[in-house]
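Below are the chains, spelled out letter by letter.
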Amino acid sequence: MPVPVGVLRLPRGPEGCSRGFSPTSPRFQALLGGDAVTTTAAAQGARAALRQRYLRGLAAARGRPTRFCLRAGVRVDAVFGAADVDAVAFQVDALQTPLGVQAAALLRCADVLAYSFLLD
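The structure reproduced in this document is the subject of the present report. (Residues numbered from 1 in each chain as written. Predicted model: local features only at pLDDT ≥ 70, side-chain atom pairs only at ≥ 80, totals over all residues. Heavy atoms only, no water.)

1. Some points on the nonpolar core
And then number 1: In this structure, F68, F80, F90, V92, L95, L107 and V112 are the most contacted members of the largest nonpolar core, which totals 14 residues.
And then number 2: In this view, F80 contacts L58, A61, R62, G63, R64, T66, F68, F90, Q91 and V92; residues no more than four positions away in its chain are not counted. (Core = buried A, V, L, I, M, F, W, Y, C linked by side-chain atoms within 4.5 Å. Buried < 20%, exposed > 50% of the residue type's maximum accessible area, 1.4 Å probe, protein only. Contact = heavy atoms within 4.5 Å.)

As structure tokens, this is what we get:
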């Protein structure tokens, strides 16, 4: 005999058509662990600082020999060229793979686990 299961219904959201909690409600504030606006602003500031460091690292890597660690333990060497705005691919030159050397190539960022280069 099947056992009936209770249905949990969330309260209506601030728009009236969705279900969820208003970000200004006391319950949401308690779950967040503080003021939502302050926490969100602090998190956004931290993300902006990390993004700026990442972009400076990309700028420093341009034109330098770089080692890429890819999925499945593959390591390749190349001269770093550029990265697209959406961080979807890295453009590299003189890609040295186990199968040979490619004059130019695009490496998908999803396949790159890490990359390293030497600073002068």
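2. A few points about the pattern of salt bridges
And then number 1: Scanning the entire structure with this criterion turns up two salt bridges.
And then number 2: A salt bridge links R67 to D77; the shortest N-O distance between them is 2.9 Å. One end of the pair, R67, is in strand β1 (residues 65–70); the other, D77, is in strand β2 (residues 75–83), with ten residues separating them in the sequence.
And then number 3: Between R108 and D111 there is a salt bridge, with its nearest N and O atoms 2.7 Å apart.
And then number 4: Looking at D111, the relative accessible area reads 23%, which means it is partly exposed. (Salt bridge = Lys/Arg side-chain N within 4 Å of Asp/Glu carboxyl O. Helix = DSSP H or I, 4+ residues; strand = E, 2+ residues; numbered from the N terminus.)

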